There are 2 protein chains.
Amino acid sequence: MNDQNKQYLQIRNQLVAALAAERFKAQSKLPSERELSERYGCTRVTVREALMQMEAEGLIYRRNRRGWFVTPPRLVFSPTRKLNFMQMVDEQNRQGETRVASAEVVIGDADTCCELMLVPGEKIYEIIRIRSLEGRPVLYEFIYLSQSRFPDLLDQPLAQSLTVLLQDHYGERIAREQIRITSATIDPRATEALEVLPGRSGVCIRRCRLNPKGEPVERDVEYWLSDAIEVQVDTH
Amino acid sequence: MNDQNKQYLQIRNQLVAALAAERFKAQSKLPSERELSERYGCTRVTVREALMQMEAEGLIYRRNRRGWFVTPPRLVFSPTRKLNFMQMVDEQNRQGETRVASAEVVIGDADTCCELMLVPGEKIYEIIRIRSLEGRPVLYEFIYLSQSRFPDLLDQPLAQSLTVLLQDHYGERIAREQIRITSATIDPRATEALEVLPGRSGVCIRRCRLNPKGEPVERDVEYWLSDAIEVQVDTH
DNA sequence: TAGTGGTCTAGACCACTAT
DNA sequence: TAGTGGTCTAGACCACTAT
């Protein structure tokens, strides 16, 4: 069975053409799977193969149990340019939104304490933020900081740039970042807010942010929808 | 139906435990799907759901039509450190291999000519290399360079570091790189060598390499298996 | 409350791999 | 040549979403 004979690829091609012809806009909803299977004369299993193919290509995405939607353009993230989320969003003419899902004091786990050079079991802040583009949640981020270094942090406005807050309120400047990027399963705590099925893979970005002395100040663990981000790096 | 009731997640958990207990080594082959469906008392469809879940987690991978295998550790790629592939591989105690799949002169497409600042339609080299870790092909790369700038390039040893070759033989030094990283469908020309199904997604790394004057010298388009790479970036 | 997507059964055929 | 993974049919039930 060669590629041309695969029914799900034929359906994929017809769907791509249909989306183009009908000028489906970003985030508009596709017809239901049952309707598509009737239209293309096959079972739902085959329609889902075609849809998942288009999902892998980044053309459409699914919102858990809600259906399939047309993917908007990616946000370009340039770590070396040191822009915050809202600056990136504005520069690219997108509509961004940040929501603080939770902010509390927790016992630091081994990994986080190690990265922040704290004693294992020390109390740290865990701030969880959800960031959206044009209303679509695309990023779920965990932020960790030392409680003793930043007293009363939770009383500050946490939906804004943390970099600015740390500098203006605590006199702590971020000078360097160590960034690790992998494909990974999206954290179970993030799947509901991102409206993805538990276990789906996304892009995981781990950041350790250091002050001019080289001391770790902040640790971020970010889960992005795979189709929502492009990372750009300039090396010198 | 909550998560605990999903059969495919239960099978996933049992398989993970079995792999740990039986000390399956990297790249060892799992039992066939039919054997697993018999062992776990379900249909092949459900076994495949469990396997695809583990694939998304990066625990196992499939070789097209050959079966499912245990994933080896990721290779850490640090663009800012300017190591070549073999240096990275050696440093991480891995066994690397480079194979030149093809090397020829082609008419440059619009994208490539634009990036290399050449006249559209100019002749350029296209070098295709496949890179493996412990015998597993993980990277398929397309390399583009100006033919007129690098005469007789195809007579050189192309399986080695191109950076060294350009410097020693042509006096051209790479000073800067612009890198873009996305999740993307693996190029159709790469799927056979990487032993993946056409249309599967991977990590795409596009690089434009510049000399000290800021002139583009080389363009790379790389397709990595998603589970085979971690990108590390240090910003200053 | 109607309809949807997620999950699952119980098969089948075919191209391809392993040997 | 035997067996495998990839593809597909024709259903079913359920939790959840949309209204």
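Residues numbered from 1 in each chain as written. Chains lettered and ligands numbered in written order. Predicted model: local features only at pLDDT ≥ 70, side-chain atom pairs only at ≥ 80, totals over all residues. Heavy atoms only, no water.

1. What to know about the domain arrangement of chain A
Interfaces are often sized by the amount of accessible area the parts lose when they come together.
All names here are of chain A.
Now for step 1: For chain A, the assigned domains are domain 1 (3-70) and domain 2 (75-231).
Now for step 2: Placing the centre of domain 1 and that of domain 2 at their C-alpha centroids yields a distance of 34 Å.
Now for step 3: Taken together, the nine residues of domain 1 in the interface contact eight residues of domain 2.
Now for step 4: In total, domain 1 and domain 2 occlude about 720 Å² of area from one another, counting both sides; carbon and sulfur atoms represent 40% of this.
Now for step 5: Among the residues of domain 1 in contact with domain 2, Q27, Y61 and N64 are the three that bury the most area, contributing 56% of the side total. (Domains from an automatic or database assignment. Contact = heavy atoms within 4.5 Å. Buried area = accessible area lost by both parts, 1.4 Å probe.)

2. Observations regarding the relation of the copies chain A and chain B
Now for step 1: The transform that puts chain A on chain B rotates by 180° and translates by 0.0 Å along the axis, for an RMSD of 0.0 Å. In symmetry terms, the pair is related by a two-fold rotation axis.
Now for step 2: Comparing interface residues between copies, 100% of those in chain A also sit at the interface in chain B, which points to an isologous, same-surface contact. (Least-squares fit on C-alpha atoms with pLDDT ≥ 70 in both.)

3. Observations regarding the side chain of R136(B)
Residue and element names in this part refer to chain B.
Now for step 1: With respect to the helices and strands, the residue R136 is situated in strand β6 (residues 136-146).
Now for step 2: We classify R136 as buried; its relative accessible area is 6%.
Now for step 3: A distance of 3.0 Å separates polar atoms of two side chains, one belonging to R136 and the other to D227.
Now for step 4: Excluding its chain neighbours within four sequence positions, the residues that come into contact with R136 are Q27, Y61, T71, P72, R131, L225, D227 and A228. (Helix = DSSP H or I, 4+ residues; strand = E, 2+ residues; numbered from the N terminus. Buried < 20%, exposed > 50% of the residue type's maximum accessible area, 1.4 Å probe, protein only. Polar contact = N/O pair within 3.5 Å; in protein donor to acceptor, adjacent residues only side chain to side chain.)

4. Focus: the packing of helix α1 (residues 7-21) of chain A against helix α3 (residues 44-56) of chain A
Residue and element names in this part refer to chain A.
Now for step 1: Where α1 contacts α3, the axes come no closer than 8 Å and their chain directions differ by 60°. The angle between α1 and α3 falls in the class oblique. Where α1 crosses over α3, the two elements pack in a sense that is right-handed. Residues Q7, Y8, L9, I11, R12, L15, V16 and L19 of α1 lie in contact with α3, whose contacting residues are T46, E49, A50, L51, Q53 and M54.
Now for step 2: In terms of residue class, the contact of α1 with α3 is made up of nine nonpolar, three polar and two charged. (Axes fitted to C-alpha atoms, helices over the stretch in contact; angles between N-to-C directions. Parallel < 35°, antiparallel > 145°, perpendicular 65-115°, else oblique. Left-handed = near helix turned anticlockwise from the far one by under 90°. Nonpolar A, V, L, I, M, F, W, Y, C, P; charged D, E, K, R; others polar.)

5. Some details on the environment of V233(A)
Now for step 1: Residue placement: V233(A) occurs in strand β10 (residues 229-235).
Now for step 2: For V233(A), a relative accessible area of 1% corresponds to the buried category.
Now for step 3: For the pair V233(A) and F77(A), spaced 156 residues apart in the sequence, the C-alpha separation amounts to 8.5 Å.
Now for step 4: Residues within four places of V233(A) in sequence aside, it is in contact with P79(A), T80(A), E177(B), Q178(B), I179(B) and V233(B).

6. Brief notes about the nonpolar core
Now for step 1: One finds I205(A), W224(A), V231(A), I205(B), W224(B) and V231(B) to be the most contacted residues of the largest nonpolar core, which totals 70 residues.
Now for step 2: Those residues in contact with I205(A) that sit more than four places away from it in its chain are F77(A), I179(A), R180(A), I181(A), D220(A), V221(A), E222(A), W224(A), I229(A) and V231(A). (Core = buried A, V, L, I, M, F, W, Y, C linked by side-chain atoms within 4.5 Å.)

7. Regarding the environment of L158(B)
Residues and elements named next belong to chain B.
Now for step 1: Along the chain, L158 turns up in the loop between β6 and α6 (162-170).
Now for step 2: Owing to a relative accessible area of 7%, L158 belongs among the buried residues under this scheme.
Now for step 3: In this structure, the C-alpha to C-alpha distance between L158 and E172, residues 14 residues apart in sequence, is 16 Å.
Now for step 4: Setting aside chain neighbours within four positions, we find L158 in contact with V100, A103, I127, R129, L153 and L165.

8. Describing the side chain of T182(A)
Now for step 1: Mapped onto the elements of the fold, T182(A) is located in strand β7 (residues 176-185).
Now for step 2: Once residues lying within four places of it in the same chain are set aside, the contact partners of T182(A) are G202(A), V203(A), C204(A), R206(A), R74(B), I229(B) and E230(B).

9. Observations concerning empty space enclosed by the protein
Residue and element names in this part refer to chain A.
Now for step 1: The final tally for this structure, using the stated rule, is one cavity of 30 Å³ or more.
Now for step 2: By volume, the largest cavity is sized at about 40 Å³.
Now for step 3: Looking at the largest cavity, the residues that line it are P72, P73, R94, L133, R136, V138, D227 and A228.
Now for step 4: A per-class count over the lining of the largest cavity returns five nonpolar, no polar and three charged. (1 Å grid on protein atoms, 1.4 Å probe; cavity = no way out; pocket = protein on both sides within 12 Å on 5 of 7 lines; lining within 4 Å. Points joined across faces, edges and corners; volume = space filled by probe spheres on them.)

10. Overview of the sheet that holds strand β5 (residues 123-133) of chain A
Now for step 1: What the eight strands build is an open sheet, ordered β4(A)-β5(A)-β6(A)-β9(A)-β8(A)-β7(A)-β10(B)-β3(B); its pairing is mixed. Strand pairing shows two members of the sheet lacking a second neighbour, β4 (96-107) of chain A together with β3 (75-77) of chain B, which therefore form its edges. The sheet shows a mean angle of 20° between the axes of neighbouring strands, taken without regard to direction.
Now for step 2: Direction of pairing for strand β6 (residues 136-146) of chain A relative to strand β9 (residues 216-224) of chain A: antiparallel, over a ladder of six bridges. When the sheet's bridge partners are listed, F142(A) is paired in β9(A) with V221(A). (Pairing = 2+ DSSP bridges.)

11. Regarding α6(B)
Residue pairs spaced three or four apart in an α-helix point in one direction, given the helix's 3.6 residues per turn.
All names here are of chain B.
Now for step 1: Burial in α6 covers these residues: L162, L165, L166 and Y170. The buried side chains of α6 occupy one side of the element, clustering within an arc of 95° when seen end-on.
Now for step 2: Residues of α6 that are buried in the fold lie against β5 (123-133), β6 and β9 (216-224). (Arc of directions from axis to C-beta.)

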